[in-house]
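Listed below, chain by chain, are the residues.
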Amino acid sequence: MTLGRIALARIPATRGTIHRLFSTTLSSSSTNRTSPPLSRHMSMKSDNLVSKLTSSGLLKTQGLIDGKWVDAHDGDTIKVLNPATGEVVANVPCMGQSETNDAISSAYDAFRSWSKLTASERSQRLRKWYDLLISHKEELGQLITLEQGKPLKEAMGEVIYGASFIEFYAEEAKRVYGDIIPSTLGDRRLFVLKQPVGVVGAITPWNFPLAMITRKVGPALACGCTVIVKPSELTPLTALAAAELALQAGIPPGVLNVVMGKASDIGDALLASPEVRKITFTGSTAVGKKLMAGAAGTVKRLSLELGGNAPCIVFDDADLDVAVKGSLAAKFRNSGQTCVCANRIIVQEGIYDKFADAFSKAVQSMQVGDGFSEGVMQGPLINEAAVQKVESFVEDAIFKGAKVLLGGKRHSLGMTFYEPTVISDVTEAMLLSREEVFGPVAPLLRFKTEEEAILMANNTKAGLAAYIFTNNVQRSWRVTEALEYGLVGVNEGLISTEVAPFGGLKQSGLGREGSKYGMDEYLEMKYVCLGDMNRK
Ligand code: NAP
């Protein structure tokens, strides 16, 4: 890595401009392909942090193909911004089809040897990778906060969660069992072999820059597949650092490749290649649908983890404290930017006012600020487009009769900070109930009966996560079974874990990640009929 790629200079900037912190090697073709937040001068703290990360060797600013750190063929780059400050943290290559084709060739070649290793050999390398991820928890957490904005404590939590998939699948690698089927004929023996799918293209979003990658790469590598990861252009640095640690763990060149840049060109190259046997994608439903259509050309396997519109149903018989705490956690993690965030808090009329009051008080106590500041619970939104989306949803709700109980506007900190917001009297006609707001806005809807709550909860194309709060055991089972969702939290707002299957119904996706079931996504079944067993 050349020092010129990393932010070293401090140049004061005026609001509304992006200041350039890169001097010597900043390419004139360097592009910022996303809506930039407003900029601020770089603090000494950021400078020191970037220098520390640079000397740790984990601030990589090139793509990884065949074990080599490489630039885009045409030298084009993209800026990676700190959403809390607008500072340019680094420049990374803006890659496209030709670099992706190189990565596919390298993954295809590496598949031959990686898939032939014993399960135990693959397991040991994954375990070593896990150990390295954990021993570099702090640097990885800092990278996540730098490029994604979530508070450092939450970012470190993501590192532990993300690494847990590598540990879990290091163990699962040794448990890929086939089957023996009782034969219908005495002279034959019937078997099922499980074999790796082959080369996998893994496309991931910005909201969990590490965990969305490890949840795919862990099982893929454990099964013997090789992978090309395409992280979001907004958060490539964590992906690159994790890949560096994979190399250090002895994962051979070509087994894990990372390309980033022109998303649709990279996606098209992965889709077009007959050598790529599977696409695994986490992101928006709109892009998921495009990939699904594109995968038809080469009949690829597909896993899709798409958007949600999670209902969080609070019944009259719920424990108020448990419901407030659980809804708060389900709504405001990552400033409301997760696919499982409670998007509609549907509250029964008997507890509605008490809940609205207690919930608003809890929301009011959340400190907003730069994720590196002590005590901060809400960081910035990822970019200006995200804030504008939130603003438009709130305006739509107010226009249609909703009431702002708390927040409802940009935070006085400026940039992409938005006030934690609670809105009451939300109805199903409002954008806030129909689509993911993906921001720190909690809409409260009112219902009368259990049947009505179930209808409201299921009245969406999405089907990822749902939450219910009730102290009635029969109701908890009845409602859980009626909910058209892949994940249900009962009296609990944080439910993701590496040991349980994660995935959606309806338009929230296909397939499952995490748990023993996550392995199946990367395995083919081969039926073998062994004839002539008794022939002399
Ligand atoms: P997104 O816009 O769909 O992007 C996701 C990834 O797809 C990024 O790497 C993006 O690249 C890439 N991409 C965009 N267009 C593409 C194309 N035509 N071909 C190939 N790749 C393409 O989603 P996002 O805004 O990053 O993430 C937020 C969404 O993800 C939300 O809807 C959220 O609910 C969902 N999500 C779902 C889960 C789950 O497990 N179900 C988990 C987390 C997030 P660039 O960023 O470089 O453009």
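Per-chain numbering applies: the sequence of each chain, read as written, is numbered from 1 onward. Only residues with pLDDT of at least 70 are given local features in this predicted model, and only at 80 or more are side-chain atom pairs given and counted; all residues enter the totals for whole chains, interfaces and linings. Side-chain figures throughout are based on the complete set of non-hydrogen atoms in the structure, without hydrogens or water.

As recorded in an unreviewed UniProt entry, the protein chain goes by the name Succinate-semialdehyde dehydrogenase, listed as coming from Salix viminalis. Taken verbatim from the UniProt record of the protein chain, the Pathway (unreviewed entry) comment is "Amino-acid degradation; 4-aminobutanoate degradation." In its Catalytic activity (unreviewed entry) section, the UniProt record describing the protein chain reads: "succinate semialdehyde + NAD(+) + H2O = succinate + NADH + 2 H(+)". UniProt positions are given in the numbering used here, feature names are shortened, and annotations may be inferred rather than shown by experiment.

Teacher, can you tell me more about the site of the ligand here?
We call a residue near a molecule or strand as soon as one heavy atom of that residue lies within 4 Å of the molecule or strand. Taken together, 29 residues surround the ligand, and among them Thr204, Ser232, Ser284, Leu306 and Glu436 come closest. Two N or O atoms count as a polar contact when they lie within 3.5 Å, although within protein this holds only if one can serve as hydrogen donor and the other as acceptor, and sequence-adjacent residues are included solely when both atoms are side-chain atoms. At a separation of 2.6 Å, an oxygen atom of the ligand approaches a polar backbone atom of threonine 204. Lysine 230 places a polar side-chain atom, nitrogen or oxygen, 3.0 Å from an oxygen atom of the ligand. Put simply, DSSP marks the helices as runs of H or I at least four residues long and the strands as runs of E at least two long, and each gets a number from the N terminus on. Examining the composition of the shell around the ligand, we find that three residues originate from one element, helix H8 (residues 263–272), more than from any other. Under this grouping Gly is polar, as are all residues other than the nonpolar Ala, Val, Leu, Ile, Met, Phe, Trp, Tyr, Cys and Pro and the charged Asp, Glu, Lys and Arg. Residue composition of the shell around the ligand, grouped by class: 14 nonpolar, ten polar and five charged.

What should I look at first to understand the UniProt feature "active site" (unreviewed entry) in the protein chain in this one?
When the UniProt feature table is mapped onto this chain, "active site" (unreviewed entry) is found at Glu305. Note that glutamate 305 resides in strand E11 (residues 301–305).

Would you explain helix H11 (residues 349–364) in this entry?
Every α-helix winds through 3.6 residues per turn, so residues three or four apart in the chain are directed the same way. One fewer than the residue count of a helix, multiplied by 1.5 Å, yields its expected span. A rise of 1.5 Å per residue sets the reference length of H11, with its 16 residues, at 22 Å; its end C-alpha atoms lie 23 Å apart and thus fit the reference within 8%. Note on bend: the value at a residue is the angle between axes fitted to the seven residues ending there and to the seven starting there. When the local axis directions of H11 are compared, the greatest deviation, roughly 30°, occurs at phenylalanine 355. Exposure categories follow from relative accessible area, calculated using a 1.4 Å probe and restricted to protein chains: below 20% of the type maximum is buried, above 50% is exposed, and the middle band is partly exposed. For H11, the set of buried residues is Ile351, Tyr352, Phe355, Ala356, Phe359, Ser360, Ala362 and Val363. Residues of H11 that are buried sit in contact with strand E12 (310–314), helix H10 (320–332), strand E13 (342–348), strand E14 (403–406), strand E15 (421–424) and strand E16 (441–447). The contact criterion used is simple: two residues touch if any of their non-hydrogen atoms lie within 4.5 Å.

Just to check I follow, could you spell out unusual backbone geometry for this structure?
For residues besides glycine, phi is generally negative; the peptide bonds are generally trans as well. One non-glycine residue with positive phi stands out, namely serine 335, at about 55°. Inspection of the secondary structure puts serine 335 in the loop between H10 and E13. Of the residues examined, serine 335 reaches a relative accessible area of 2% and is grouped as buried. Backbone geometry at asparagine 491 places phi at a positive 55°, although glycine is not the residue there. Along the chain, asparagine 491 turns up in the loop between strand E18 (487–490) and strand E19 (509–510).

Just to check I follow, could you spell out the environment of phenylalanine 315 for this structure?
The residue phenylalanine 315 is located in the loop between E12 and H10 in this model. Along the sequence, phenylalanine 315 and lysine 389 sit 74 residues apart, while their C-alpha atoms lie 30 Å from each other. Other than its neighbours up to four places away in sequence, phenylalanine 315 contacts Gln348, Ile351, Phe447, Glu450, Ala453, Ile468, Phe469, Thr470, Arg475 and Val479.

Where do I start with the sheet that holds E18 in this structure?
Strand pairing in a sheet relies on backbone hydrogen bonds, with the paired strands running either antiparallel or parallel. When DSSP finds at least two bridges between two strands, those strands are taken to pair. One open sheet accounts for seven strands, arranged E14-E15-E16-E13-E12-E17-E18; its pairing is mixed. Two strands lie at the open edges of the sheet, namely E14 and E18, each paired on one side alone. Taken pair by pair, the neighbouring strands of this sheet meet at an average axis angle of 25°, ignoring direction. Strand direction decides the pairing type here: E12 and strand E17 (residues 465–469), joined by three bridges, are parallel. Note on E17: the bridge partner recorded for cysteine 312 is tyrosine 467. The strands that H10 touches are E12, E13, E15, E16 and E17; relative to E17, the one it contacts most, it runs at about 165°. Angular values range over 0 to 180 degrees, each being the angle between N-to-C directions of two axes fitted as lines to C-alpha atoms, with helices fitted over their stretch in contact.

Would you explain the pattern of salt bridges in this entry?
Pairing is possible between side chains that carry opposite charge, provided their charged atoms lie close to one another. Here, a salt bridge means any Lys or Arg side-chain nitrogen found within 4 Å of an Asp or Glu carboxyl oxygen. Within the structure shown, the criterion is met by 22 salt bridges. Among the salt bridges present, the one from lysine 60 reaches glutamate 244, with a minimum N-O distance of 3.9 Å. Of this pair, lysine 60 sits in the loop between helix H1 (44–55) and strand E1 (63–65) while glutamate 244 sits in helix H7 (residues 236–248); the two residues are 184 residues apart in sequence, bridging distant segments of the chain. Judged by its relative accessible area of 13%, lysine 60 falls in the buried class. Residue classification places glutamate 244 among the buried positions, given a relative accessible area of 12%. Measuring nitrogen to oxygen at the nearest pair gives 3.3 Å for the salt bridge that ties arginine 301 to glutamate 524.

Even after reading the chapter, I still don't get the environment of leucine 245, so can you show me in this structure?
Here leucine 245 shows up in helix H7. In sequence terms leucine 245 and leucine 133 are 112 residues apart; their C-alpha atoms lie 6.9 Å from each other. Ignoring any residue separated from it by four or fewer positions in sequence, one finds leucine 245 in contact with Leu58, Trp129, Leu132, Leu133, His136 and Leu140.

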